[in-house]
Every structure is written in structure tokens, then in C-alpha cells.
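# Coordinates in review
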Amino acid sequence: MDGQWHMVIYSVPETSGALREAAAQEADWLGFGPLSSSVWLSPHDRLDAIKDSFADRPVIRLDTFRARSGSAAVDRDMAARSWVWTR
């Protein structure tokens, strides 16, 4: 981890529900967590991997970002919203 959040925002046409589900599954598989329905983030730099995963599906639009939050408390909140841990 490098102290940054690695974010991907994807857009899939409404008519491609199965493709939308596949995009969410692939993001999950790569370790991204859903901050919102189409915004996924990871503390690990896997942006190249997710771009490569969708390179053959031009109907999916991907925008990728690297960012830092304002504090450790914000990091914890985003992680809690993006991943559900069971105990």
C-alpha cells in the first residue's frame, strides 16, 4: 500500500445489465470495494489490472484516479462503507 486510494468509476449502458454485473464482479475479484454503485476503490494499486480486464469491452467506460483522503478517520470510514467484514 502506498497511502493512496486507487479509484475506478465505471459506466455501463443500462441495456447491458449482465455486463454491469460482470464489471462489479471483476472489480471485487481484483480487491476493489464499492464506495457507491459505480465508484470502486482499493488501497492497492491495481488500476492497470482493471484496465486490462476491460480492454476488450469498449462499451464499458473506465475512469481511474489516485487520491488521498483528508485523514485516517476518513480512510477508516471509506473502508467501512466499501467492505463489509463479518466476525
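In what follows, the structure referred to is the one given above.
A brief structural summary. Quick caveat: nothing in here was measured; it's all calculated off a predicted structure.

## Considering the overall build of the chain
On a plain count of helices and strands, the chain comes out with three helices and four strands. Seen in sequence order, the chain has helices and strands lined up from the N terminus as β-α-β-β-α-β-α. Its C-alpha radius of gyration of 13 Å places the chain within 12% of the 12 Å reference for a compact globule of 87 residues. Seen through its principal axes, the chain has C-alpha atoms that stretch 40 × 25 × 20 Å. For the chain, with 87 residues in total, the buried portion stands at 31%. Surface summary for the chain: the accessible area is close to 5600 Å², and the carbon and sulfur share equals 53%. Averaging the coordinates of the 10 positive side-chain charges in the chain and doing the same for the 12 negative ones gives two points 5 Å apart.

## Section: the sheet that holds strand 4 (residues 61-67)
Strand order in the open sheet made by the four strands is 2-3-1-4, with antiparallel pairing throughout. Looking at strand neighbours, the two that pair on one side only are strand 2 (33-36) and strand 4, the edges of this open sheet. In this sheet, neighbouring strand axes are inclined to one another by 30° on average, regardless of whether the strands run parallel or antiparallel. Across three bridges, the pairing between strand 2 and strand 3 (residues 39-42) is antiparallel.

What counts and what doesn't
- Residues numbered from 1 in each chain as written.
- Predicted model: local features only at pLDDT ≥ 70, side-chain atom pairs only at ≥ 80, totals over all residues.
- Heavy atoms only, no water.
- Helix = DSSP H or I, 4+ residues; strand = E, 2+ residues; numbered from the N terminus.
- Rg over C-alpha atoms; globule rule 2.2 N^0.38 Å.
- Buried < 20%, exposed > 50% of the residue type's maximum accessible area, 1.4 Å probe, protein only.
- Areas by Shrake-Rupley, 256 points an atom, 1.4 Å probe, with all protein chains shown as cover.
- Lys, Arg positive; Asp, Glu negative; His and termini not counted.
- Charge placed at Lys NZ, Arg CZ, Asp CG, Glu CD.
- Pairing = 2+ DSSP bridges.
- Axes fitted to C-alpha atoms, helices over the stretch in contact; angles between N-to-C directions.

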